[in-house]
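Structural overview
Residue-level listing of the chains:
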Amino acid sequence: HLELSLANAYSGNLGVRHASAFGTGLSMGIDATGFTNGYTEGGLASVRVGRLFASGHSLDLSYTRSLYHVLQTDENRTTQFLRLVGRASLSRRFYVLGDLEYDRGGDLEGPRVFVEVGVLF
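For every chain, the first residue of the written sequence is number 1, and numbering continues from 1 onward in sequence order. For a predicted model such as this one, the threshold for reporting local features is a pLDDT of at least 70, and the threshold for listing and counting side-chain atom pairs is 80 or more; totals across whole chains, interfaces and linings nevertheless cover every residue. With hydrogens and water set aside, each side-chain value is computed from the structure's full complement of heavy atoms.

Attention shifts here to the overall build of the chain. Strands here mean DSSP runs of E at least two residues long; helices mean DSSP runs of H or I at least four residues long; both are numbered from the N terminus. Broken down by element type, the chain carries one helix and seven strands. Element order for the chain, N to C, with α for helix and β for strand: α-β-β-β-β-β-β-β. For 121 residues, the compact-globule estimate of 2.2 N^0.38 gives 14 Å, and the chain exceeds it by more than 25% at 18 Å. If you line up the chain on its principal axes, its C-alpha atoms span 55 × 30 × 30 Å. Whether a residue is buried, partly exposed or exposed follows from its accessible area with a 1.4 Å probe, protein chains only, as a fraction of its type maximum: under 20%, in between, or over 50%, in that order. The proportion of buried residues among the 121 residues of the chain is 22%. Here the contacts in the chain between residues at least 6 apart in sequence split such that 31% fall between residues at least 24 apart. None of His or the chain ends enter the tally, which takes Lys and Arg as positive and Asp and Glu as negative. For charged residues, the charge sits on one atom: NZ in Lys, CZ in Arg, CG in Asp, CD in Glu. In the chain, the 11 positive side-chain charges and the 12 negative ones have mean positions that sit 14 Å from each other. Here the radius of gyration uses the C-alpha set of atoms, whereas the globule reference equals 2.2 Å times the residue count to the power 0.38. It only takes one pair of heavy atoms within 4.5 Å for two residues to be counted as in contact.

Quick look at the structure:
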């Protein structure tokens, strides 16, 4: 049954993170993911550096590159993006989170913005 073989999907992830790399107070991380299924096969890799401030605020910068192959069309697709995420504690229970991203590649192009205001219970 062709439908059953297309339904199988496999993925794996490997990541390394350090909360205070080289005594700098900066957190750093590297991640790599690979996948295959009945329609595509590929992977993505990302690097991240961030800082948690004593006041509860945080700032993260990451770069991600995605590569995959579409089996039916024999097409290779690439997307890369740079993301800046900031989180500010407004009080003990309230926060605001901002996510700025710029994408380039076959799937996405241009900037994206996400803003969240939240309450912790």
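What follows picks up the thread again.
Next up on the list: the side chain of Ser 66. On the secondary structure map, Ser 66 appears in strand β4 (residues 58–70). Ser 66 gets classed as buried once you look at its relative accessible area, which sits at 16%. Beyond its immediate stretch of four places on either side in the chain, Ser 66 contacts Gly 43, Leu 44, Arg 77, Thr 78 and Thr 79.

A few words now on the side chain of Glu 101. Within the secondary structure layout, Glu 101 lies in strand β6 (residues 94–105). A distance of 2.3 Å separates polar atoms of two side chains, one belonging to Glu 101 and the other to Arg 83. Not counting the four nearest positions on each side in its chain, Glu 101 is found in contact with Phe 81, Leu 82, Arg 83, Gly 110, Pro 111 and Arg 112. For this analysis, a polar contact is any N or O atom pair within 3.5 Å, provided that within protein one partner can donate a hydrogen and the other can accept it, and provided that sequence-adjacent residues contribute only side-chain to side-chain pairs.

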